[in-house]
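Breakdown of the fold
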Amino acid sequence: MRRVIELGAGRFGAGRITLITGEAPPGEWLAGFCAAAGCAVAVVVDPAFGYRSEHAQAGPPRLPDGVDLLWAHNLSLGRNLPLAREVAQAEVPALLHHHDWWFDHRWDRWPEMVADGFGTLDAVADAIFPRRAGCLHLVINSADHAVLAPVLGGRVALAPPPLEKPVDRDPPARRWRAERYWLAPCRLLRRKNLAEAVLLTRWQGAGVRLVTTGGVSSAGERAYAARLAAAAAEHAWPVDFSVMTQPGAPALDEVWSGAEAVVVTSLMEGFGLPFAEAAFAGVPLLGRAPVDSLPDLARMGFSFPALYADVQVPPHLYDHAAEAARQGALFTTWRAGLPAEVAGLVRPPEPDGGAVPFARLTLTAQLEVLAVPVEKSRDACQPVTLQPALPLAPAQVPVWPVPACSLPSQSSTTDHGRAAHAALLRARLGGPLYPLLLSPDT
């Protein structure tokens, strides 16, 4: 998201930009942002603009005076609905940029919202999709746009992340490490499904390590990260987690330049920046096909020959009966926490005793599969293997549509936001269910 802001800010032709954030941005990123902005930049760090659960004692968010345009990012994640309400009540045009949705396997946000005074789905919808005019909603993939456009019409625009192919530069002066490694360029989060990346890397044979870049970004992910790291240490799996967070961390271009391949195993990818970054870097990629964003990437000219739908796991590689009971209990607890009006839209997982996607297992079952001798799991799962040659089509850098979009008039209001929110809710709750995301501890 920081990259979206960095590359997009300079396209508005603004005379002055005020960057308001809940925590101080990294100095290197801020320098790049200021250089790309092309105008004067002021930075305001206010905890009231951060995640509510992590700054519960912060005062109410207050937007500055003298603003001509608001560009608000990811208020749809639901981590700060008082801020979303403040933006909804502002009297200036606003671009509401939606990268993620709070109901997309993130229902643990619901109690936070209720505690903040948003006790109904309509109240949440009014904050995320304001009833006032003068708001343009930006979504990052055509799948979301297809759901929202029939409801919001011209008040929603497709705005994929602005992509900028890196300038060709000399390779790093030093090689980061001598041994072979595959790179998973992501944070240590459940939705990144990193146990599958460990599995795929181990199947490549001895001498190949898995390297991940980022760390844990919220308290709710710590249990998952700790269990995964403990299992890797116990079994001596060839994994180095979160290398960019460690003392003496290498530069990011050093990590990319030395990678033999990139592996992306995410359960969800709103746009799929790692796919574009791998193409730009010229590094072969093996990845789960990002259903929502793959059509957009294809239209931009990207080609990824080594994509797969799922790794199918036969039930004898894990305790199938225990997993079925575990998933049933997780689902029952999870559904009990849903608002009554949507609880009926979801269906429990129904394991039939046959092969199931590795991505649809809890972490407990995933670790049981990983504990199986690698030759046995590789033969039983008929694994996807990295093709020896991956032709990568040159990417066509898309024209970001925001500067061409005209904001709706301030003279009228709309109540279509609740319908838009409900349409997305139905689409998400009717989709695949990932037990890994039902609880921080699975």
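Structure: above.
Treat the numbers as computed from the prediction; the structure is a model and nothing was measured.

For the chain, the helix and strand inventory stands at 16 helices and 14 strands. Accessible area for the chain stands at about 19400 Å²; split by element, carbon and sulfur atoms hold 53% of it.

In total, this model carries 9 aromatic pairs according to the counting rule given. Taking the centre distance of 5.5 Å and the plane angle of 75 degrees together, the rings of F275 and F304 count as edge-to-face. Of this pair, F275 sits in helix α10 (residues 273–281) while F304 is found in the loop between α11 (294–299) and β12 (307–308), placing the two residues 29 residues apart along the sequence. On the basis of relative accessible area, F304 is assigned to the buried category, the value being 10%. Among the aromatic residues, ring-to-ring pairing joins W101, W102, F103, W107, W110 and F129 into one connected group. Its guanidinium or amino end placed over the ring of Y51, R79 lies 4.0 Å from that ring's centre, counting from NZ or CZ. Against the face of Y181 rests R177, its NZ or CZ located 6.0 Å from the ring centre.

With that out of the way, let us pick up helix α3 (residues 81–88). Within α3, 6 of the 8 residues are buried, which leaves the element mostly enclosed by the surrounding structure. Along α3, the positions that sit buried rather than exposed are L81, P82, L83, A84, V87 and A88. Here the buried face of α3 lies against β3 (70–73), β4 (94–98), α4 (110–115) and α5 (121–128). At the N-terminal end of α3, a side-chain oxygen is found 3.0 Å from the backbone nitrogen of L83, two or three residues along, and the residue is N80.

For the second largest pocket, the calculated volume is near 340 Å³. If you go around the second largest pocket, you meet 23 residues; those closest to its centre are Q327, P349, E350, R360 and L433. Those elements that provide at least two residues to the lining of the second largest pocket are α12 (320–336) and β14 (356–357). When residues in the lining of the second largest pocket are grouped by element, the largest group, 4 residues, is from α12. Taken together, the residues of the lining of the second largest pocket sort by class into 14 nonpolar, 4 polar and 5 charged.

This part is about the pairing of β4. Of all the 5 residues making up β4, 5 are buried; the element is thus mostly covered by neighbouring parts of the structure. Because side chains alternate across β4, one face comprises the buried residues A94, L96 and H98, and the other comprises L95 and H97, equally buried. Two strands pair when backbone bridges link them, and β3 and β4 are joined in this way by 4 bridges, in the parallel orientation. Within β4, the residue paired with W71 across the bridge is L95. Inspection of the sheet shows β4 paired to strand β5 (residues 135–139) by 5 bridges, in the parallel sense. Residue pairing across strands places L95 opposite L136, the latter belonging to β5.

Now for the pattern of salt bridges. According to the stated counting rule, one finds 20 salt bridges in the structure shown. Between R109 and D108 there is a salt bridge whose closest N-O contact spans 3.6 Å. Residue classification places D108 among the partly exposed residues on the basis of a relative accessible area of 36%. Here R209 makes a salt bridge to D240, at a shortest N to O gap of 3.0 Å. Here R209, found in strand β8 (residues 208–212), pairs with D240, found in strand β9 (residues 239–240); they are 31 residues apart in sequence, far enough to count as distant. Of the residues examined, D240 reaches a relative accessible area of 18% and is grouped as buried. Ionic contacts of the salt-bridge type, sharing partners, join the residues R79, D108, R109 and E112 into one network.

Taken together, the buried positions of helix α6 (residues 142–152) are D144, L148 and L152. End-on, the buried residues of α6 take up no more than an arc of 35 degrees, which puts them together on one face. Opposite the buried face of α6, by more than 90 degrees, sit the exposed residues A146 and P150. For α6, the side-chain oxygen to backbone nitrogen distance between the N-cap and A143 is 3.2 Å, and the N-cap itself is N141. Just beyond α6, the residue with positive phi is G153, at close to 60 degrees.

Moving on, we get to the pairing of strand β2 (residues 40–45). Note: strand β1 (residues 16–21) against β2, 6 bridges, orientation parallel. Within the sheet, the bridge partner assigned to R16 lies in β2 and is A40. Each parallel crossover has a hand, and for β1 linked through helix α2 (residues 27–37) to β2 it is right-handed.

Here is what the cut-offs are and how they apply
- Residues numbered from 1 in each chain as written.
- Predicted model: local features only at pLDDT ≥ 70, side-chain atom pairs only at ≥ 80, totals over all residues.
- Heavy atoms only, no water.
- Helix = DSSP H or I, 4+ residues; strand = E, 2+ residues; numbered from the N terminus.
- Areas by Shrake-Rupley, 256 points an atom, 1.4 Å probe, with all protein chains shown as cover.
- Phe/Tyr/Trp six-rings, centres within 6.5 Å; stacked < 30°, edge-to-face > 60°.
- Buried < 20%, exposed > 50% of the residue type's maximum accessible area, 1.4 Å probe, protein only.
- Lys NZ or Arg CZ within 6 Å of the ring centre and 35° of its normal.
- Contact = heavy atoms within 4.5 Å.
- Polar contact = N/O pair within 3.5 Å; in protein donor to acceptor, adjacent residues only side chain to side chain.
- 1 Å grid on protein atoms, 1.4 Å probe; cavity = no way out; pocket = protein on both sides within 12 Å on 5 of 7 lines; lining within 4 Å.
- Points joined across faces, edges and corners; volume = space filled by probe spheres on them.
- Nonpolar A, V, L, I, M, F, W, Y, C, P; charged D, E, K, R; others polar.
- Pairing = 2+ DSSP bridges.
- Salt bridge = Lys/Arg side-chain N within 4 Å of Asp/Glu carboxyl O.
- Arc of directions from axis to C-beta.
- Right-handed = clockwise from strand over helix to strand, strands pointing away.

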